Amino acid sequence: MALDRDKANEFEQLSMPLFASLYNLAQWLTQDRGEAEDLVQESYAKALKGFGSFQPGTNFRAWMYRILRNTFLTSRTGLKAARTVSLEDEDDPQSVSPSTTETPESILLARADQDAIQAALQQLPVAFREIILLCDVEEMSYREIAEALTIPIGTVMSRLARARKAMRGLLAGVQGVQR
Amino acid sequence: MTCESWQQKIDAYLDAELPEAETRELDAHLRTCTSCSSQALTRSELKRSIHLAGKKFVPDPEFRKRIQSSISPQTSGRRWGWIVEVGIACAAVVLVIFGSLVWVRQSQRQQLVGELTDLHVATLASANRVDVVSSDRHTVKPWFQGKVPFTFNVPELQGSPFELVGGKMTYLDQNPGAELLFTVRKHVLSVFIFKDSPELDRALGSGELMRKLSFNIESWTEGGLRFLIITDATRSDIDDLRARFVQAAR
């Protein structure tokens, strides 16, 4: 069903400020410029088509990201990525113990190296990468992340803790190699 | 609460997701615990670093334009605008063609009416207005047998203001026809009868009163024949005579 002119205007005004963020997330997910562009384009097309059913007053950013993420998950790259991470026990925040493998010094050293952080992010499984990006890059609240990923807030917290632990582990490993 | 428990809450604390009361408690703990404050500092630095490093990919400006134009209602407006423009152009062409047809029809009509008016005027000016002089319809009608490729009925005029003067053969656009002459209160009426044709039908239509050189003209079709009355008599006289012809034909 085609949107009327006012509704299409509203969609444009809401969605275009998110364009750069969505593209950044898309390329983090796909790890490829061409695929990222396709993903963003398809997501915008889907979002425009479905904007009539978007509930005003709910979180548009989370809604847009959800569309992008679902589009990614059903893509070839997304389906491949989904097989590479195990998310068992993630509903139990207590299952994540504080990491003891890294030292503050090693992390601070790694901080100086943006490439090391980017490389670590790239190595993370998609589910961990996306939740860290949503929280730390997009600065979404746990509630927004829960909406975007369609998971409960408790799962957001536990998955985020596991993702950060994995990230710290990767950075500590990089630091170890550098030493 | 042990340091291990506090450290599990540091992420939520840095993400500003810890409830207010716990935030105050953790604040107080961090001021006194070196291990936990060091952990919090490290994680805070990492969070900030990820925030910067995570903004790695910048879309191509051309790609932005492409997306913008694909969702912009202005663009879709322009797309529709293009269709509307083509539509207007098509409508204009159709209008021109239709206008030309109307103009052609009008000029054909004018030409035919002009020709018939000339025939009527020529009859009025002639010393011998008709070739068969008779007020008897049973004399006039048979006179046309073999002369025109059709037959027609002359109406009964008894008790009417009309008088039959007679008739003669005539030609319109090289087609033979009959011209009957009537009078009504000193006014002369010519009734032309031709075999109807699509050309005549297109040019003259039906039931329309026309005027040419102050003559009133009315045309109609009945039984495959084209009838035309030309006269300086009134409209009601024309209608009356027409009704009599229509009745006679049925």
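Scroll up to find the structure.
Residues numbered from 1 in each chain as written. Chains lettered and ligands numbered in written order. Predicted model: local features only at pLDDT ≥ 70, side-chain atom pairs only at ≥ 80, totals over all residues.

Caption draft 1: How the structure looks around the overall build of chain A. A count of helical and extended segments in chain A gives 10 helices and zero strands. Seen in sequence order, chain A has helices and strands lined up from the N terminus as α-α-α-α-α-α-α-α-α-α. A buried classification covers 42% of the 179 residues belonging to chain A. Counting only contacts in chain A whose residues sit at least 6 apart along the sequence, the fraction spanning at least 24 positions is 76%. (Helix = DSSP H or I, 4+ residues; strand = E, 2+ residues; numbered from the N terminus. Buried ≥ 20, exposed ≤ 12 C-beta atoms within 10 Å, placed from the backbone. Contact = placed C-beta atoms within 7 Å.)

Caption draft 2: Quick peek at the overall build of chain B. The secondary structure content of chain B amounts to eight helices and seven strands. Within chain B, the fraction of its 250 residues that count as buried is 26%. In chain B, of all internal contacts separated by at least 6 residues, the share reaching a separation of at least 24 is 55%.

Caption draft 3: Quick peek at the interface of chain A and chain B. Facing 39 residues of chain A, the contacting portion of chain B comprises 31 residues. For the side of chain A that touches chain B, the secondary-structure elements that each account for two or more residues are helix 1 (5-15), helix 2 (19-30), helix 3 (33-50), helix 6 (104-111), helix 7 (114-123), helix 8 (126-137) and helix 10 (153-178) of chain A. The class makeup of the residues in the side of chain A that touches chain B is 25 nonpolar, eight polar and six charged. (Nonpolar A, V, L, I, M, F, W, Y, C, P; charged D, E, K, R; others polar.)

Caption draft 4: Expanded view of the pairing of strand 3 (residues 175-184) of chain B. All names here are of chain B. Here 10 bridges tie strand 2 (residues 162-172) to strand 3, and the two strands are oriented antiparallel to one another. Its bridge partner lying in strand 3, Phe162 is registered against Val184. Once strand 2 ends, the chain turns through two residues before running back antiparallel as strand 3, passing Asp173 with a positive phi of about 55 degrees. Here strand 3 pairs with strand 4 (residues 187-195) via eight bridges, running antiparallel. Pairing of Thr183 across the sheet is with Val188, part of strand 4. The hairpin turn running from strand 3 into strand 4, its antiparallel successor, is two residues long, and Arg185 in that turn takes a positive phi close to 45 degrees. (Pairing = 2+ DSSP bridges.)

Caption draft 5: Summary view of the packing of helix 7 of chain A against helix 3 (residues 34-53) of chain B. Between helix 7 of chain A and helix 3 of chain B, whose axes approach to 9 Å, the crossing angle comes to 85 degrees. As far as their axial angle goes, helix 3 of chain B and helix 7 of chain A are roughly perpendicular. Along the contact surface, helix 7 of chain A presents Gln114, Ile117 and Gln118 of chain A, while helix 3 of chain B presents Ser49, Ile50, Leu52 and Ala53 of chain B. Looking at the contact of helix 7 of chain A with helix 3 of chain B residue by residue, the class counts come to four nonpolar, three polar and no charged. (Axes fitted to C-alpha atoms, helices over the stretch in contact; angles between N-to-C directions. Parallel < 35°, antiparallel > 145°, perpendicular 65-115°, else oblique.)

Caption draft 6: The arrangement of helix 3 of chain B in detail. Taking 1.5 Å per residue, 20 residues should reach 28 Å; helix 3 of chain B reaches 28 Å between its end C-alpha atoms and fits that length. Of the positions making up helix 3 of chain B, those classed as buried are Cys36, Gln39, Ala40, Thr42, Arg43, Leu46, Ser49, Ile50 and Ala53 of chain B. (Expected span 1.5 Å × (residues − 1).)

Caption draft 7: Fine view of helix 1 (residues 3-14) of chain B. Its 12 residues give helix 1 of chain B an end-to-end C-alpha distance of 16 Å, which sits within 8% of 16 Å, the value for a rise of 1.5 Å per residue. The first or second residue beyond helix 1 of chain B is Ala16 of chain B, which carries a positive phi of 60 degrees.

Caption draft 8: Structural detail: the environment of Tyr142 of chain A. On the secondary structure map, Tyr142 of chain A appears in helix 9 (residues 142-149). Residues in contact with Tyr142 of chain A, not counting those within four places in the same chain, are Ile153, Val156 and Met157 of chain A together with Glu17 of chain B.

Caption draft 9: Spotlight on the pairing of strand 7 (residues 225-231) of chain B. All names here are of chain B. Taking burial as the measure, the seven residues of strand 7 include six buried ones, the bulk of the element. Both strand 4 and strand 7 contribute to a ladder of seven bridges, which runs antiparallel. Residue pairing across strands places Leu189 opposite Thr231, the latter belonging to strand 7. Bridge count between strand 6 (residues 215-222) and strand 7: seven bridges; the pairing is antiparallel. By the bridge assignment, Asn216 is partnered in strand 7 with Thr231. Where strand 6 folds back onto strand 7 in an antiparallel hairpin, the turn is made up of two residues, including Gly223, whose phi is positive at roughly 60 degrees.

Caption draft 10: Region of the structure containing the nonpolar core. In terms of nonpolar packing, the biggest core is built from 54 residues, with Ala26, Leu68, Ile131, Ile132 and Ile145 of chain A touching the most fellow members. Among residues more than four places away in sequence, those in contact with Ile131 of chain A are Ile145, Arg159, Leu160 and Ala163 of chain A. Ranked by size, the runner-up nonpolar core spans 31 residues in total, among them Val132, Phe162, Ile238 and Leu241 of chain B. (Core = buried A, V, L, I, M, F, W, Y, C linked by C-beta atoms within 7 Å.)

Caption draft 11: A look at the packing of helix 3 of chain A against helix 4 (residues 60-73) of chain A. All names here are of chain A. It is the contact of helix 3 with helix 4, at a shortest axis distance of 9 Å, that shows an interaxial angle of 125 degrees. As far as their axial angle goes, helix 4 and helix 3 are oblique. Relative to helix 4, helix 3 is oriented so that their crossing is right-handed. Across the interface between the two elements, Leu39, Glu42, Ser43, Lys46 and Ala47 of helix 3 pack against Met64, Ile67, Leu68, Thr71 and Phe72 of helix 4. (Left-handed = near helix turned anticlockwise from the far one by under 90°.)

Caption draft 12: Molecular detail of the environment of Lys9 of chain B. Residues and elements named next belong to chain B. Among the structural elements, Lys9 can be located in helix 1. Looking at Lys9, the number of C-beta atoms within 10 Å reads 21, which means it is buried. Each C-alpha atom of the pair Lys9 and Ala40 lies 9.7 Å from the other, and the pair is 31 residues apart in sequence.

Geometry only, nothing functional implied.
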